[in-house]
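Inside the fold
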Amino acid sequence: MKTAIYAGSFDPLTNGHLDIIKRASKIFDKVIIVVSYNCNKQSFVPSEDRINLIKESVKDIKNAEIDAFDGLTVDYAKKRGAEVLLRGLRSSVDFDYEKEMAQINFTLNKGIETVFLISAPEYSFVSSSAVREILKNGGDISKFVPEAVNLYFKHGI
Ligand code: ADP
């Protein structure tokens, strides 16, 4: 059984994240989406809500599971018996950061591989930070996020 861990802030979940989850669910037996609630980092959406929005958005993906974790992703992967850390790559900017993270994680645990999926062209410019910026300025985020996320910001959960 091949399990992939897709860890991130998902603050909030975007269509780019969802595309990576959908594609990965066809490659791996199980995809565990792990919301990292880093206490040092001020989040835009409370972690409880981030988790609920992901649950709602992936409810039709039968082999997707959601969890939350505060710590090293390799430790979480080991705890769950997963051998793959899944990451999405949008650009060379992502690459430099992701390469460093992958090499750090490889050094921490050589039994766990980082696997990258290149973003679909239509999502390569979509980021949680852009969505937050649009929201702060009263813009329309509907083209960038799943329906549940759009409704959350319109009406609350
Ligand atoms: P982090 O806080 O770890 O950067 P994010 O929630 O921003 O977490 O992203 C989690 C993962 O999803 C990262 O590997 C990131 O590169 C990837 N990702 C983010 N946006 C997209 C997108 N539009 N298309 C593909 N991958 C993406």
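**Details of the sheet that holds strand 3 (residues 64-69)**
An order of 3-2-1-4-5 is seen for the five strands of this open sheet, with the pairing classed as parallel. The open sheet is flanked by strand 3 and strand 5 (113-118), the only strands paired with a single partner. Adjacent strand axes in the sheet meet at a mean angle of 30 degrees when their direction is disregarded. Pairing of strand 1 (residues 3-8) with strand 2 (residues 30-36), which is carried by six bridges, proceeds in the parallel orientation. If you follow A7 over to strand 2, its bridge partner there is V34. Against the sheet, helix 3 (residues 73-80) engages strand 1, strand 2, strand 3 and strand 4 (84-89), with an angle of about 130 degrees to strand 3.

**A word on the nonpolar core**
I33, I54, V58 and L86 are the most contacted members of the largest nonpolar core, which totals 30 residues. At four residues, helix 1 (residues 15-27) tops the list of elements feeding residues into this core. Once residues within four sequence positions are removed from consideration, I33 is found in contact with Y6, F10, I21, I54, V58, A64, E65, I66 and D67. Within the second largest apolar cluster, 11 residues are counted, among which are I32, F69, A77 and I112.

**Some points on the layout of surface pockets**
Within this model, the largest pocket holds a volume of roughly 1300 Å³. Around the largest pocket sit 50 residues that line it, and A7, G8, S9, R87 and Y97 are the ones nearest its centre. Going through the elements one at a time, strand 1, helix 1, strand 2, helix 3, strand 4, helix 4 (92-108), strand 5 and helix 5 (128-136) are the ones with two or more residues in the lining of the largest pocket. Per element, the largest residue contribution to the lining of the largest pocket is eight residues, and it comes from helix 4.

**Observations concerning the pattern of salt bridges**
Enumeration according to the criterion identifies nine salt bridges in this entry. A salt bridge links K59 to E56, with the nearest nitrogen and oxygen atoms 2.9 Å apart. Overall, the relative accessible area of 49% leaves K59 in the partly exposed class. E56 gets classed as partly exposed once you look at its relative accessible area, which sits at 41%.

**Some words on the pairing of strand 4**
Bridge count between strand 1 and strand 4: two bridges; the pairing is parallel. Looking across to strand 4, one finds that A4 is bridged to V84. Across six bridges, the pairing between strand 4 and strand 5 is parallel. From the neighbouring strand, L89 faces strand 5, where its bridge partner is I118. In the classification by handedness, the crossover that spans strand 4, the intervening helix 4 and the parallel strand 5 is right-handed.

The rules behind these values
Residues numbered from 1 in each chain as written. Predicted model: local features only at pLDDT ≥ 70, side-chain atom pairs only at ≥ 80, totals over all residues. Heavy atoms only, no water. Pairing = 2+ DSSP bridges. Helix = DSSP H or I, 4+ residues; strand = E, 2+ residues; numbered from the N terminus. Axes fitted to C-alpha atoms, helices over the stretch in contact; angles between N-to-C directions. Contact = heavy atoms within 4.5 Å. Core = buried A, V, L, I, M, F, W, Y, C linked by side-chain atoms within 4.5 Å. Buried < 20%, exposed > 50% of the residue type's maximum accessible area, 1.4 Å probe, protein only. 1 Å grid on protein atoms, 1.4 Å probe; cavity = no way out; pocket = protein on both sides within 12 Å on 5 of 7 lines; lining within 4 Å. Points joined across faces, edges and corners; volume = space filled by probe spheres on them. Salt bridge = Lys/Arg side-chain N within 4 Å of Asp/Glu carboxyl O. Right-handed = clockwise from strand over helix to strand, strands pointing away.

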